[in-house]
Structures are given as structure tokens and as C-alpha cells.
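# Descriptive analysis of the structure
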Amino acid sequence: MHVIETQNLYKEYTQKFSKQKVNALNDFTFNVEQGEIFGLLGPNGAGKTTLIKILLAITFPTNGSAKLFGTDVRNYKAKTKVGYLPENHKFPSYLTGEQVLSYYGQLSGMKAGADMTKRIDEMLGLMNLTQWRKTKIKKYSKGMMQKLGLAQSMLSDPDLIFLDEPTDGVDPIGRKEIRDILAQIKSRGKTIFLNSHLLSEVEMICDRVAILNKGDLIKEGNVDDLTKAENIFAVHTVEPISMEIKQKVLAVDANAGIGEKEINTETGTASLNKIIDVLRNCNINILSVNQKTNTLEELFINVIKKDNTN
Amino acid sequence: MLTIIQNTFREALAKKIFIGYYIFYAIVILIMIFLVNMDSVEGVMSLADSKMLVQQVETGFLTISWNLIIFFSLISTASFIPSMLEKGTIDLLISKPISRPMILFSKFLGAVLFVFLSMVFLLGSMWLILSLKSGYWDPMFLLSILWITLAFATMYSIVVIIGLTTQSTVVAILVNFFLIFVLCPLLSTREGVVFTLVSNETVKFIFDFLYYLLPKPGEFRDIATSMINGDQINMWKSTANAETGLFTVSCFRQLALFCLCLLLWRILYFTFPKKITNNNYQ
């Protein structure tokens, strides 16, 4: 059984004044397995938030179906094992941090009592908010609110957590802490569905990503597979590469890119070894040999540009 | 359900306007303590005189303050629904394993219970003071707590409907002001005033139609005062107003209005999901 399962999801909006139809999601089919950290990427207006809202039955698809743990999302009981941190969440400002957790914990089905109090203590401790527990949240900073939101989403120990921009407004140290917490949750077999604009963060955390553009799923796969650039290598030398050596290198790989102390080849290991032989025969010392990888950001930009051109 | 009701109480107590009302209620109670003196007329009054005086004070107070109490209660609770529907709040509520009608019903019930307790404080204290001072213990005045809460609940159903459709507290208050102080009193007196001026049958039908359709906070007051005075209350026709009775002004209308709210809540989500939940989509 998949944790998240969608079949041909289609969502159409009608714009308020122009009455123009907007396709927020087009024939969207994908699954998320247990224990994965799944990242959802896409430019603004790609349909990311719409997808999360459909999965949580906050809004409904025009066509298609979505299931959580095998139960149709329209059945509210499907959300029993789900935690959610919305983007720009708004907690009742008259509550303290502790009361917020207690309120949303009970709405998630937790029973008020010693167990819940213990869990709240644990969550506040994890987010470094213990000393603020009795403070009204209207006095909290944005970063503290975000941490409280994250604590709220994890409080009932859900099996699936939706996080919409979880590190928004959090400082770099806080971000690192959140990443560590997410890794810890994952190690306990929980599934995380992450929507974030911070691609470097997604790259660090996620196992699998899906890239959306204008409602279409244009790329999906493991982060390692998607970012791997198999045949691209860079050779760095200690000494500068002379014109004579450049000619010899170009003789074995005509497309090699040659800098002052760097040679890039995109024709695989055979060509790489020949270049290394040339350099060693010319008594050039090799500093390093690296296989190149694309960053998720590079991949994202390339994929979106290509899709927009098409 | 209890969690949302409890949170509605917290929301109410966090509002300064409620503290203001309680101070006002406390002043009214203090006035009752110091000004109402049953021994003032030629020594000690007879029980019959005390009964009459108590009834007069009770009915007089209800007649003067009924609509004001309901309206002020509505002002202070009108923001509950629009604030619940704010982006970032409603998303989180709906993501929890609770049905939408249950969220709305709990919020509604929370507001009604809060007003009920406020009335217990105000009218209960008044009843206690009057009873202690007069020696005449009439439980009928205590029933006014229920009637005024029911009248509030009926009007609050309209606030819920307006809150769901417009997400505006101001519009909800304005519509209620118009209903309580203009339209409903006008419709109540339509036979005695309007129909003597208008002969057109269609207009009469419209007035009749609106009268039976819209809530009648004034008729709730009539039932409450009739009970205090010991008049007979018919389930279908009250003695105070020959056309409306206990059942027609309370249970039926309340149920109908609340069902309408629930229906609207579902329709809004299925037909106009963008209106509430998708202020921006990405």
C-alpha cells in the first residue's frame, strides 16, 4: 500500500473576474512510499500548494482520485495519521505555545492528559521553545512560529507529515536543526512530503523529488539519479597547462574544455584515462580528478527552461 | 467538539469587548442590589404585592434590554466564523481528522454556550437578588435565560450564514442590526400597521412570507414575559402573539436555520472552493 496515491488528478480553477479557466493540475499521477522524504518542486503557480490541499481534502479535484494510506482523502478519517504544517499558518494569537500544541493535538485525536503533556514537553524541548511555553504566541518571532508549527505537525506522531515551506523565516542554525529533526523522523520510518523553494535544502533532505510546471509533472525520480552527470569529469593540475600539452589533450578528446589548470571532459572514463596519460607523460602533476554532478538547482532551472521552451 | 468549544471560550475571553460586557452586567446587578427595595412601600409588602412588583421588574427589564443584549452578544461573537475562515487557520483545521460540519457546529455551539453562561450570570444574579429581597421565588424568570439564548442562537445562525458567504464581521453585524431593530419589529406589527396602509395582496403576501421566514427575537421575549406573568403558552400560538407560538418561533426555526448553515457550508466547499480555501494557489 502506498502512503500517498494519486490517479489522474486534474484541477481547474475559474478566475474571478476574467472567468478564464486555469489548469492548476493536469493528469497528475504519482505515489509516495513509506519512509520516504519526498520533495515537491516548481516555480510559483506550478500547482504545488493545490496538490497538497487536494491531498488534505482542503480543496477537491475537478477529476481523478487521491488516497492516503489507501483511504480516499474525502473521508476525513484518512487524515488520522497525518500532520500538516501549512505555509503562512495562523495560530490563535490568544493562546500560549503550550496551549497551541494542546489544542491542535486534541484536534488530531490525542487525549488530554499526562501522555499529551509529556509529548508537548518533548516537542517544545526539541524546538528549543521550552522557555517560551507560557508566552502568548503573538509575542513569538517568525522563526519561533515556524518551529511551533513544525512541533504542531509532529505532535501526534503521525506517519505522514506534509510540510509547506518548513524553513521559511528560520535562521541557518534553525534550518540545520530542522533538517536534523526531519532525518530523525525519517529514521523512524515516517514519511515526509516536503514543499520548499530552497532547492539546496531539498537536495540535502529528500530521497525523491517531483518537479511541477504549470500543473504538469515534468520530472520525477531519486535525487541522486536526477543530479548525476555520468560522463563528465574534471582534472585539476598543479602546474599550468602549456599550449603544447593542450594540443596533445585535444588530440585524444577534441571536445575537452581546457583552462589554465583544469581540463573538463564529457566523453567518459576512456577519454579521461587518455588525458591523464598525456598529462603524466608530460610530467604534469595531477591535483584531483572529480566526477561532476549537477546541483538540483541546475537541474531544476534546465528542466523548467526546457519545458517552457516546448 | 469539546476542544473547539473550549477554544471558542478562550477566544471570547481574549476579547476586550466581553470584559466590557461583564463589567456592564456587574454594574446592572449592583444597581439591582442597591436600588430595588421591597420594604419601601408602607413597611413590609404582602406576598401578592411582592409577586406583582417582581413580575413588573422582570418583564420591564426584559422588554427594555432584550434586543440590546442579543445585539451586543452578536457583536462580540460575530467575528468567530470569519476569523476561523482566515487562510492559514481554516487549512489547518480542515487538515485534522474532523468533519467540516462538526467544525462549524462546534464553533456555533461554543458561541451559544458562552452567551448562555453570560445570561446565567446576568439574569441568574438578578433573579437571586429579586427573590432574596422579595421572598417570592419564581423560576419562570430563570427560563428567560433559555429563551434569550435561543433567540441569540437563531440570530447567530444568520451571522454564521453571512460569515460563511462574505467572511465579513461588519456585514454580519449590519444585517443583524437591520433585522433586530428594523425589519423584524416592522414585520411583527405588519397586521396592525402595514396592512392598514397597504391593500395590495402581493405586498401582503411578501410581508407574511418574510415574517414566517425570518427569525423573531421579539416573539421570544413575548414568550418569556408571558411565562413570567403566568399566561398560558401554546405550542403553536403564544398568547402574546396569536400567530406565533413556542414551537414555531424556537425549535423549528432554529433547526431550519442551522440546517441551512450546514448546507451552505458544504455547498461553499464543493461549488466555490476557491472562495474560501484557495485564496492563492501555487
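Just so you know, these numbers come straight off a predicted model, no measurement behind them. (Residues numbered from 1 in each chain as written. Chains lettered and ligands numbered in written order. Predicted model: local features only at pLDDT ≥ 70, side-chain atom pairs only at ≥ 80, totals over all residues.)

Geometrically, a packed helix pair is captured by the angle between its two axes and the distance between the axes. All names here are of chain B. The N-to-C vectors of helix α2 (residues 16-35) and helix α6 (residues 100-134) enclose an angle of 5°; their axes lie 9 Å apart at closest approach. Looking at the two axes, α2 sits roughly parallel to α6. Every residue of α6 that contacts α2 at Y21, Y25, V28, I29, M32 and I33 is listed here: S118, F121, L122, S125, M126 and I129. Its residues placed into classes, the contact of α2 with α6 shows 10 nonpolar, 2 polar and no charged. (Axes fitted to C-alpha atoms, helices over the stretch in contact; angles between N-to-C directions. Helix = DSSP H or I, 4+ residues; strand = E, 2+ residues; numbered from the N terminus. Parallel < 35°, antiparallel > 145°, perpendicular 65-115°, else oblique. Contact = placed C-beta atoms within 7 Å. Nonpolar A, V, L, I, M, F, W, Y, C, P; charged D, E, K, R; others polar.)

Another aspect to go through is the sheet that holds strand β4 (residues 63-68) of chain A. Residue and element names in this part refer to chain A. The strand order across the open sheet built from 4 strands is β2-β1-β4-β5, with neighbouring strands paired in antiparallel fashion. Each edge of the open sheet is held by one strand with a lone partner, namely β2 (21-32) and β5 (71-72). Here 8 bridges tie strand β1 (residues 4-14) to β2, and the two strands are oriented antiparallel to one another. When the bridges of β2 are listed, T6 appears paired with F30. (Pairing = 2+ DSSP bridges.)

So, on to the pairing of strand β8 (residues 191-195) of chain A. All names here are of chain A. The element β8 is largely enclosed, with a buried count of 5 among its 5 residues. Burial along β8 is two-sided: T191, F193 and N195 facing one way and I192 and L194 facing the other are all buried. Strand direction decides the pairing type here: strand β3 (residues 37-41) and β8, joined by 4 bridges, are parallel. Among the inter-strand pairings, F38 is bridged to a residue of β8, identified as F193. As paired elements, strand β7 (residues 160-164) and β8 share 5 bridges and run parallel to each other. Looking at the pairing, F162 lines up with F193 of β8. Traced from β7 through helix α5 (residues 172-187) to β8, the parallel crossover comes out right-handed. (Buried ≥ 20, exposed ≤ 12 C-beta atoms within 10 Å, placed from the backbone. Right-handed = clockwise from strand over helix to strand, strands pointing away.)

All right, on to the environment of V112 of chain B then. Residues and elements named next belong to chain B. Within the element layout of this structure, V112 appears in helix α6. By C-beta crowding, V112 is classed as buried, having 20 other C-beta atoms within 10 Å. In this structure the C-alpha to C-alpha distance between V112 and L130, which are 18 residues apart in sequence, comes to 26 Å. Discounting chain neighbours no more than four positions away, the residues touching V112 are T149, F152, A153 and Y156.

Segments scoring low in pLDDT should not have their predicted coordinates read at a detailed level. All names here are of chain B. Residues with a pLDDT of 70 or more make up 78% of chain B, whose mean pLDDT is 77. Contacts from residues 236-243, a stretch scored under 50 in pLDDT, to residues over four places away or in other chains number 25 contacts. The model gives residues 270-282 a pLDDT under 50, and that stretch makes 28 contacts with residues more than four places away or in other chains. (pLDDT = per-residue confidence, 0-100.)

Residues and elements named next belong to chain A. Read from one edge of the open sheet, 6 strands run β6-β7-β8-β3-β9-β10, paired in mixed fashion. Each end of this open sheet is capped by a strand with a single partner; those strands are β6 (82-85) and β10 (216-222). Across the sheet, the mean angle separating the axes of adjacent strands is 15° when strand polarity is ignored. Helix α10 (residues 296-309) contacts β3, β9 (208-213) and β10 of the sheet and is inclined by roughly 30° relative to β9.

A few words now on the nonpolar core. Ranked by size, the top nonpolar core spans 124 residues in total, and within it L194 of chain A together with Y156 and V159 of chain B carry the most contacts. With 16 residues, the top contributor of residues to this core is helix α7 (residues 140-166) of chain B. Ignoring any residue separated from it by four or fewer positions in sequence, one finds Y156 of chain B in contact with L74, T77, F108, A111 and V112 of chain B. (Core = buried A, V, L, I, M, F, W, Y, C linked by C-beta atoms within 7 Å.)

All right, on to the interface of chain A and chain B then. At the interface, 32 residues of chain A touch 23 residues of chain B. When residues of the side of chain A that touches chain B are traced back to their parent elements, those giving at least two are α1 (48-55), β6 and α2 (97-107) of chain A. Of all the elements, α1 of chain A adds the most residues to the side of chain A that touches chain B, at 4 residues. Grouping the amino acids of the side of chain A that touches chain B by side-chain chemistry returns 16 nonpolar, 11 polar and 5 charged.

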